Amino acid sequence: MAWRKCSCGIIFAPIDGKKDELVPNFDRARASRPIGAMRATFAAVVLALAAPTSALHVAPLRPRLSSLAAPRCCAAPAAEEPAKFSAGAKAAELDRAFFRIAAPAFVQFAAEPIARLVDTAYLGRLSAVALGAAGAAFAAQYAIAKVCNDPLLRSTISLVAFGSGQEEESEGARAGAVSAALLLALFMGLMQALVYLALAGPILSASCVGPGTPMRAEALAYLRVCAAGAPAATIWLVVNGIFRGLGDTATPLLWALVFTALNAALDPFFIFTAGMGAAGAALGTTLAQTLALLPLLITLHRRVRGGAGATSVGGRVLELFRPPEGLAALRGALLKYTEAGGLVLVR
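Parameters at a glance
- Residues numbered from 1 in each chain as written.
- Predicted model: local features only at pLDDT ≥ 70, side-chain atom pairs only at ≥ 80, totals over all residues.
- Heavy atoms only, no water.
- Helix = DSSP H or I, 4+ residues; strand = E, 2+ residues; numbered from the N terminus.
- Buried < 20%, exposed > 50% of the residue type's maximum accessible area, 1.4 Å probe, protein only.
- Contact = heavy atoms within 4.5 Å.
- Salt bridge = Lys/Arg side-chain N within 4 Å of Asp/Glu carboxyl O.
- Expected span 1.5 Å × (residues − 1).
- Arc of directions from axis to C-beta.
- Core = buried A, V, L, I, M, F, W, Y, C linked by side-chain atoms within 4.5 Å.
- Axes fitted to C-alpha atoms, helices over the stretch in contact; angles between N-to-C directions.
- Parallel < 35°, antiparallel > 145°, perpendicular 65-115°, else oblique.
- Nonpolar A, V, L, I, M, F, W, Y, C, P; charged D, E, K, R; others polar.

A count of helical and extended segments in the chain gives 13 helices and three strands. For the chain, the residues scored as buried account for 38% of the 347 residues in total. Excluding contacts between residues fewer than 6 apart, the proportion of contacts in the chain whose partners are at least 24 apart in sequence is 70%.

Right, let's talk about the pattern of salt bridges for a bit. For the coordinates displayed, the defined rule picks out four salt bridges. Where Arg116 meets Asp119, a salt bridge forms, and the shortest distance between an N and an O atom there is 3.7 Å. One end of the pair, Arg116, and the other, Asp119, are both in helix α4 (residues 114-126), three residues apart, so they sit about a helical turn from each other.

Turning to α4, a few remarks are in order. If you check α4, its first and last C-alpha atoms are 18 Å apart, about what 13 residues at 1.5 Å a residue would give, namely 18 Å. Buried within α4 we find Ala115, Val118, Asp119, Tyr122 and Leu123. The buried residues of α4 all sit within an arc of 120° when viewed along its axis, so they share a single face. Exposed residues pointing more than 90 degrees away from the buried face of α4 are listed as Leu117 and Arg125.

So, on to the nonpolar core. If you look at the biggest cluster of nonpolar residues, it comprises 35 residues, and the most contacted ones within it are Leu182, Ile235, Val239, Ile242 and Leu300. Put simply, the parts of the chain that give this core at least two residues each are α5 (128-164), α6 (171-198), α9 (230-245), α10 (250-273), α11 (278-305), α12 (313-321) and α13 (326-346). Grouped together as the second largest cluster of nonpolar side chains are 29 residues, Tyr196, Ala200, Val209 and Ala227 included.

What follows covers the packing of α9 against α10. Describing two packed helices takes the angle between their axes plus the distance from one axis to the other. The geometry of α9 relative to α10 is characterised by a closest axis approach of 9 Å and an angle of 150° between their N-to-C directions. Relative to α10, α9 is oriented roughly antiparallel. Listed contacts from α10 to Trp236, Asn240 and Phe243 of α9 are Thr251, Pro252, Trp255, Ala256 and Phe259. Considering only residue class, the contact of α9 with α10 consists of six nonpolar, two polar and no charged.

See below:
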């Protein structure tokens, strides 16, 4: 039998002299080179796309940009060279500012999904049924949360960033915008919790996890625990958006790393020691996110209210939800959020 090797390294043998049939014997080292190149190319593309996405989640730098946009005709001829030097220095300063904001945001976008990967790793050791149930329940929850939370997150970043770029914005107006965003987040989180609790069965049935499937009980338990954590998860998302709108992405990154570490520590206790299975993974993630949210809210209180007002942890958290300029200002801020969020939802 005559063997021959094609250019890609795969070895063929003639069958009955008519056609070639693939033989399960090939040059693995040579055939894996294109796959390695594809993986490297894919990683480079992801990095290139994620960096500008992170840079978009920043506070506006228009006062600095406007100083670079002065017409050339308005500059005196004698000052042309110093003006070029000054413009170059300001452009370099803007590049550094964007990098300082975009780099932590990029790391956080990569770090937060690790919490779900931890759930997957532990549940995979438990059983295939528990892993499949958690995956189905999370997918069903994410489909609803994405529709509800994404418009709120994007409108929060935009409105807080726009207000931060206005020199005439008062401290009370900024605190009012933050209070409106947090109240909307609390409301949306409570609504999601009620939907998950009341319609957990139909939601899972629509996700092809019917009453007769082995994953049904584990998926129901997972989704109901996630329902209890929906308000905290929504507030977590919006607080991150507020910090990004203020141009601070390092603080959310710090507490996102704390959240991930706590989740990795709590998951095995609830899954294996407490014997809760898939529901234990959801409970560990919920508790970890809530514990990391509290210091993030305290930091936001210092940033927005200057540390004035209540001194206890509970008092500072409640003060963030209380509009400082009354219900009329809150109503105006809520209208802005609902209008912006509605446009994002329609888009």
